[in-house]
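Summary of the model geometry
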Amino acid sequence: MELIFGTHNHNKVEEINKLLPPNFTVKSLTDLNYYSEIEESGKTLEENALIKAKTIFNTFKKNCFSDDSGLEVFALGGKPGVYSARYEGKQKNAEANTNKILQELKGIDNRQAQFRSVIALIFNETEYLFEGIIKGEISHSPRGRNGFGYDPIFIPEKQHVTFAQLTLFEKNKISHRSKAFKKLIEFLKS
Ligand code: ITT
């Protein structure tokens with residue numbers, strides 16, 4: 001069975017391919033030479049994931065899925081959430097984004113946070129949503145060099161190190177995205 005994954009992110013495609021049974025083939029937007037910008041204008045992760053999936057479905061008329069993820073900090077009322085990539089401006093600078101969070105949490109004891117990932121699937125013309133969450137807390141300073149985005153300041157529950165101090169293999173075993181991917185795969189296999 002062939003599915004289109006609405007991303008150009010090679011790492012995400014590789015991650016899901018490792019989890020999928022061999023009878024599934026995933027094609028990315030890069031594989032399909034689709035380079036139009038899809039505006040992520042939604043106010044929630046769910047809306048954005050659906051906007052992307054619907055745009056792709058309307059273009060290719062094939063089963064497809066898209067994801068959107070973000071960091072939600074409790075003491076900041078769930079921010080940056082859907083605005084995670086551009087929290088400190090349009091330039092989407094990960095270091096500036098992480099510094100902004102550390103600044104906003106100065107003097108605040110509650111450092112609880114979670115990464116949340118939502119996948120929107122359009123399968124046989126019906127829409128489905130799958131969610132993955134990893135809870136944790138925000139460190140007091142950035143630590144580690146692996147990963148991307150907010151990884152250097154996110155300590156997942158039951159760990160003493162940040163996501164950026166874990167190997168990609170270790171992170172993928174517990175990450176929000178892999179949890180959502182696993183739910184999607186269970187659905188596709190059933
Ligand atoms: P696409 O091209 O597929 O849209 P993206 O980089 O925008 O990829 P996401 O939509 O999954 O990635 O995530 C949006 C932002 O949320 C991302 O730029 C990071 O700032 C943050 N984020 C999401 N997942 C993360 C993770 O596993 N580790 C660190 N930061 C993450």
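Everything numeric here is computed off the predicted structure, so don't read it as measured data.

Rules behind the numbers
Residues numbered from 1 in each chain as written. Predicted model: local features only at pLDDT ≥ 70, side-chain atom pairs only at ≥ 80, totals over all residues. Heavy atoms only, no water. Phe/Tyr/Trp six-rings, centres within 6.5 Å; stacked < 30°, edge-to-face > 60°. Helix = DSSP H or I, 4+ residues; strand = E, 2+ residues; numbered from the N terminus. Contact = heavy atoms within 4.5 Å. Pairing = 2+ DSSP bridges. Near = heavy atom within 4 Å. Polar contact = N/O pair within 3.5 Å; in protein donor to acceptor, adjacent residues only side chain to side chain. Areas by Shrake-Rupley, 256 points an atom, 1.4 Å probe, with all protein chains shown as cover. 1 Å grid on protein atoms, 1.4 Å probe; cavity = no way out; pocket = protein on both sides within 12 Å on 5 of 7 lines; lining within 4 Å. Sits in = over half its atoms within 2 Å of the grid points. Nonpolar A, V, L, I, M, F, W, Y, C, P; charged D, E, K, R; others polar.

Looking at the packing of aromatic side chains
Evaluated as defined, the whole model comprises 9 aromatic pairs. Taken together, the aromatic side chains of Phe123, Tyr128, Phe130 and Phe187 make up a single cluster linked through ring pairs.

Looking at the environment of Leu105
Considering the arrangement of structural elements, one finds Leu105 in the loop between helix H3 (94-104) and strand E5 (112-123). The spacing of Leu105 and Thr7 is 98 residues in sequence and 32 Å in space, taken between C-alpha atoms. Residues in contact with Leu105, not counting those within four places in the same chain, are Val73, Ala75, Leu76, Asn110, Arg111 and Ile138.

Focus: the pairing of strand E6 (residues 126-138)
As paired strands, E5 and E6 are joined by 12 bridges and run antiparallel to one another. Looking at the pairing, Phe115 lines up with Ile134 of E6. Two successive antiparallel strands, E5 and E6, enclose a turn made up of 2 residues, where Asn124 displays a positive phi of approximately 50°. When E6 meets strand E7 (residues 154-156), the two strands line up antiparallel, connected through 3 bridges. Looking at E7, one finds that Ile138 is bridged to Phe154.

Overview of the site of the ligand
In the vicinity of the ligand, 18 residues are found, and the nearest of them are Thr7, Lys12, Asp151, Lys171 and Arg177. Thr7 places a polar side-chain atom, nitrogen or oxygen, 2.9 Å from an oxygen atom of the ligand. Contact distances for the ligand include 3.2 Å between a nitrogen atom and a backbone N or O atom of Tyr150. For the ligand, the accessible surface in isolation is 600 Å², of which the surrounding protein chains cover 83%. In this structure the site holding the ligand corresponds to the largest pocket. Elements that contribute at least two residues to the shell around the ligand include exactly strand E3 (64-73) and helix H5 (176-189). In terms of residues, the shell around the ligand owes the most to one element, E3, which gives 4 residues. Taken together, the residues of the shell around the ligand sort by class into 4 nonpolar, 6 polar and 8 charged.

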